[in-house]
Amino acid sequence: MSKWSKYHQEKGSTMANLVKYAAHLLIVTAIFFHPASFAKQAAVAMPDSYSSDTARAILEQGGNAVDAAIAAQFVLAVTLPEAGNIGGGGFMLIQKDGKGDFIDYRETAPAAAHRDMYLDDKGDVIDNMSVYGIHASGVPGSVAGMWLAHQKHGSLEWKTLLEPAVKLAEQGFIVHPKLAASIERYIARMAKKSVNINFADYFAEAKANKVFKQPELAATLKRIRDQGKAGFYEGETAKIIATFMKQHGGIITEQDLKAYEAKSRTPIKGNWRGYEVLTSPPPSSGGIAILQWLKMYDLAKPKEKLEHNSTTYVHILAEVGKRVFADRAEYLGDPDFYEVPKTALLADDYLSNRASTIRPDAISTTENIKPGLHESEQTTHFSILDKWGNAVANTTTINLSFGSGVVVSGAGFILNDEMDDFSAKPGVMNVFGAIGGKANEIQPHKRMLSSMTPTILLQDNKVKMVTGSPGGTTIISSVYESILNAVEFDMTAEQVVDSPRFHHQLWPKNVIRYHTGLEPKVVKALEKMGYTLDERHFGDMHVIINKDGKLDAASEASGRGKAMVF
Ligand code: GLY
């Protein structure tokens, strides 16, 4: 048995297991405390080559993982316009100097937002209003998030961290053919919808393998470089945003921008198979969800080890997913507005009751799965580990690809369409098929529920894995499956990110979405059980694994990411 997949928990704890586990802990402790296991390696796994090269350069200048993450976040706002941003938000999970921190820079609803703002006179949700155009955006959080991360954890100068992004916006970058193709597809698709956006005015000129410059964005980034957080939330940039909003009937004001605050929260920490899973607290739904998923899987699986992506493996994890997403819809929301029952949702007896109704050979009826207590995705993720063993898992988003499709004229950045992550009406699905109710209804200044789940696996307080993905609600599946791939199936980082994944989320009823590569016989067997199989890629994983002191990093082959160990 490898050191990484050290502890394949078996159902029912026996004395023999305990002895085995104790012996194993001794071996593992010896390995991980051996000085050679902390070779001064660093690693980055990033969604494009510009962010990857920048993160590496910052680390090589002596910056720490947080410095590298901040510089990369700003670079992605230039070179990955479908998700990288200063007009959106995200979560940065940090393990630094042996301690966890979670920077919540999720967008907030503007002061003038209200519960029924996306409903028509009949009380029906107005098509596309929370997804495209001027009404779709929350107050951006990214710049405040990077500022807070820098104040708390940065070691290089703020200006140094902004410089690479300024340069790429001002002097231009070479457009990757995959980016050019997705811009072209998006413009063609939007032309068919009658949505009022100005995306094409800014991005139609971005052609494959050609230099693309963004002078307005460069000027905005320079204000952020020179004035810090105030360069975005006050002064000229804030005026440009508020004026633009007013001109087009939007509701974000200068006061909204000035009032925005990123927050430092305590990460969720859960024990699972001898690891500490350090993960995202609300307003992310993902941390609670992946812990529920991993723990209920152990409770529901048969004694013998299941084959990776076998019919029973996929089915049991889909059954767990039904229960996870029922809870998500009912109990998860912004903890500053709604008391999320975190402890109850992760309690052992709660999870074991919930898992006890899972059968290995039959699908449970979707309508019967209730909340258990008395509930083209984009986004991007990156993982960084510095030579001191500090880690950052950062997931950031403007929601759908290219956000609301609206570029702030004069400031050159794309605004998010994160308002769609609120529940516009109880029980009505959002663009990801997620439903919600009171916990996630719209209220002024509230953060919309997220599935972003940057996660770090620790052992003896040392980083063993850094993981995360984009993909709306599918993020949660990508993350927990990446952990199972690494721990249960002992995969390399490349295998972890490129193995076919699957996702089930209660609704639509009995639909399993899956990657090409799931075996045809498994697909057939699942269909025979009563599932509908939907073959559609999701996610773009960027993972770092510390295997016996040696780093291994990978970015998913389907994207345009670049991972390096150095
Ligand atoms: N916008 C996707 C998420 O935060 O879950």
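This text goes with the structure placed above it.
Calculation notes
Residue positions are given per chain, counting from 1 as you read along its sequence in written order. The model is predicted, so local features are restricted to residues of pLDDT at least 70 and side-chain atom pairs to those at 80 or more, both for listing and for counting; the totals for chains, interfaces and linings are taken over all residues. Only hydrogens and water are set aside; all other atoms, that is, all heavy atoms of the structure, feed into the side-chain values. One heavy atom suffices: a residue is near a molecule or strand as soon as one of its heavy atoms comes within 4 Å of it. Identification of polar contacts relies on pairs of N or O atoms within 3.5 Å, with a donor-acceptor requirement for protein atoms, meaning one able to donate a hydrogen and the other able to accept it, and with residues adjacent in sequence counted only if both atoms are side-chain atoms. The Shrake-Rupley method, run with a 1.4 Å probe sphere, supplies the accessible areas, and residue values consider only the shown protein chains as cover. At least two bridges found by DSSP between two strands are what make those strands a pair. Helical segments are the DSSP runs of H or I of at least four residues, strand segments are the runs of E of at least two, and each set is numbered from the N terminus. Helix axes are fitted to C-alpha atoms over the stretch in contact, other axes to C-alpha atoms as well, and angles between N-to-C directions run from 0 to 180 degrees. Note on contacts: a residue pair qualifies if any of its non-hydrogen atoms lie within 4.5 Å across the two residues. Multiplying 1.5 Å by the helix residue count minus one yields the expected span of that helix. Each residue's exposure class comes from its accessible area (1.4 Å probe, protein chains only) as a fraction of the maximum for that residue type: buried when under 20%, exposed when over 50%, partly exposed otherwise.

Student: Would you take a moment to explain the site of the ligand for this structure?
Tutor: Taken together, Arg106, Thr397, Asn399, Glu418, Asp421, Phe432, Ser450, Ser451 and Met452 are the residues near the ligand. One of the side-chain N or O atoms of Ser450 is found 2.7 Å from an oxygen atom in the ligand. A distance of 2.7 Å separates an oxygen atom of the ligand from a polar atom in the backbone of Ser451. Notes on the ligand: free accessible area 200 Å², of which the protein chains cover 99%.

Student: So what exactly am I meant to see when it comes to the sheet that holds strand β17 (residues 550–555) here?
Tutor: Hydrogen bonds along the backbone pair up the strands of a sheet, which may run parallel or antiparallel. Reading across from one edge, β7-β8-β11-β12-β16-β17 is the order of the 6 strands in this open sheet, with antiparallel pairing throughout. For this open sheet the edge positions go to β7 (268–272) and β17, each flanked by a neighbour on one side alone. Each strand of the sheet is rotated relative to its neighbour by a mean of 25°, with strand direction disregarded. Of the strand pairs in this sheet, strand β12 (residues 462–467) and strand β16 (residues 542–547) are connected by 2 bridges, and their pairing is antiparallel. Residue pairing for β16: Met465 is matched across the bridge by Ile545. Packing against the sheet, helix α12 (residues 286–300) makes contact with β7, β8 (275–279) and β11 (455–459), and its axis sits at approximately 10° to β7. Against the sheet, helix α16 (residues 474–487) touches β7, β8, β11, β12 and β16, its axis set at about 130° to β12.

Student: Could you clarify how one ought to interpret helix α3 (residues 65–79) in this entry?
Tutor: Residue pairs three or four apart in sequence face the same way in an α-helix, which turns once every 3.6 residues. With 15 residues, α3 should reach 21 Å at 1.5 Å per residue; the first-to-last C-alpha distance of 20 Å fits that figure. The backbone nitrogen of Val66 has a side-chain oxygen 2.9 Å away, supplied by the residue at the start of α3, namely Asn64.

Student: Please clarify how the side chain of Glu319 should be interpreted in this entry.
Tutor: Looking at where Glu319 falls in the secondary structure, it is placed in helix α13 (residues 311–331). Among the residues examined, Glu319 registers a relative accessible area of 0% and is labelled buried. Contact partners of Glu319, with chain neighbours within four places excluded, come to Ile358, Ala362, Ile363, Ser364 and Tyr531.

Student: Any chance you could explain the pairing of β7 here in plain terms?
Tutor: A regular strand places its side chains on the two faces of the sheet in alternate fashion. Covered by surrounding structure in β7 are Ile268, Gly270 and Trp272 only, the residues Lys269 and Asn271 on the alternate face being uncovered. As paired elements, β7 and β8 share 5 bridges and run antiparallel to each other. From the neighbouring strand, Trp272 faces β8, where its bridge partner is Tyr275. Counting the residues between successive antiparallel strands, the hairpin from β7 to β8 contains 2 residues, one of them, Arg273, with a positive phi of roughly 50°.

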